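# Structural features, examined
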Amino acid sequence: MSLNNSLNTIKDEIDKKAKIVVVSKTRSKKEILDIYNKDHRDFGENKVQEILEKHEKLPEDIRWHFIGHLQTNKVKYIVPFISLIHSVDSLKLLKEINKRAKVKNKVVNCLIQVKIANEENKYGFKINEISDVLSYASELEHILIKGLMGMATNTDNNNLISKEFKLLNTEFKRYKSEIFNVLSMGMSNDYKLAIDNKSNLIRLGSIIFGGRK
Ligand SMILES: *Cc1c(COP(=O)(O)O)cnc(C)c1O
């Protein structure tokens with residue numbers, strides 16, 4: 001089976017319950033174009049240098065998603081073209097995105113990253129900080145908060161993963177609206193559990209392209 005078939009197989013399987021961001025970090029432009037040529041437009045990267053280079057060389061109509069920890073001093077580079085920043089994990093970052101978006105006279109779509117895993121190394125706000133973050137963001141004219149993003153614990157304990165996704169969905173539902181309508185959760189190894197828990201945006205890398213080195 002070719003690479004591209006796995007994307008279409010998953011699309012059929014999830015049957016429009018969720019959209020897919022193809023996570024193209026570490027992948028070549030040619031690998032990305034193979035997916036692009038199957039009419040896929042949403043790609044995710046987690047490094048500023050890499051997304052800039054790919055954005056410059058690949059087709060204009062790709063919708064680029066930033067999914068990694070974003071340093072404030074690099075915000076200005078991605079604001080001009082980014083479609084959605086999934087990984088807002090501090091107020092300082094939010095403020096900087098707003099400032100840079102204002103300079104460019106645009107509104108940047110963002111998700112609030114929430115720490116749902118019980119692992120030390122995951123970025124994100126705590127569950128009980130969400131409402132304060134949202135009220136802070138509502139004052140920023142150049143930010144549009146579209147929803148929440150979370151990553152479950154990297155484990156094969158499906159009960160734990162489901163519990164974490166369920167928790168994030170519970171929070172999501174509290175604030176859900178016509179604008180706040182994106183729940184980004186689920187990766188190659190847990191997207192089915194994420195969709196069971198009402199994720200509507202999954203981020204898939206290795207299941208599409210094979211393992212990363
Ligand atoms: C790398 C990455 C993914 C994709 O991971 P796979 O296991 O390859 O599907 C999804 N989300 C984030 C935030 C990532 O950094």
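Scroll up for the structure.
Computed from a prediction, not measured in an experiment: that's the story for all the values here. (Residues numbered from 1 in each chain as written. Predicted model: local features only at pLDDT ≥ 70, side-chain atom pairs only at ≥ 80, totals over all residues. Heavy atoms only, no water.)

Using the criterion set out here, one finds 10 salt bridges in the structure. A salt bridge links Glu 53 to Lys 29; its shortest N-O distance comes to 3.7 Å. Placement of the pair is Glu 53 in helix H3 (residues 48-57) and Lys 29 in helix H2 (residues 29-36), with a sequence separation of 24 residues. A network of salt bridges, in which partner residues are shared, links Asp 39, Arg 41 and Asp 61. (Salt bridge = Lys/Arg side-chain N within 4 Å of Asp/Glu carboxyl O. Helix = DSSP H or I, 4+ residues; strand = E, 2+ residues; numbered from the N terminus.)

Attention now moves to H2. For H2, the full list of buried residues reads Ile 32, Ile 35 and Tyr 36. Projected down its long axis, H2 shows its buried positions confined to an angular sector of 105 degrees, all on one face. (Buried < 20%, exposed > 50% of the residue type's maximum accessible area, 1.4 Å probe, protein only. Arc of directions from axis to C-beta.)

The environment of the ligand is made up of Val 23, Lys 25, Ile 67, Met 151, Met 187, Ser 188, Arg 203, Leu 204, Gly 205, Ser 206 and Arg 212. Interatomic distance of 2.5 Å between a side-chain N/O atom of Ser 188 and an oxygen atom of the ligand. A distance of 2.8 Å separates an oxygen atom of the ligand from a polar atom in the side chain of Arg 212. Within the complex, the protein chains bury 91% of what would otherwise be the 380 Å² of accessible surface of the ligand. Among the detected pockets, the ligand sits in the largest pocket. Class assignment of the residues belonging to the shell around the ligand gives a composition of 5 nonpolar, 3 polar and 3 charged. (Near = heavy atom within 4 Å. Polar contact = N/O pair within 3.5 Å; in protein donor to acceptor, adjacent residues only side chain to side chain. Areas by Shrake-Rupley, 256 points an atom, 1.4 Å probe, with all protein chains shown as cover. 1 Å grid on protein atoms, 1.4 Å probe; cavity = no way out; pocket = protein on both sides within 12 Å on 5 of 7 lines; lining within 4 Å. Sits in = over half its atoms within 2 Å of the grid points. Nonpolar A, V, L, I, M, F, W, Y, C, P; charged D, E, K, R; others polar.)

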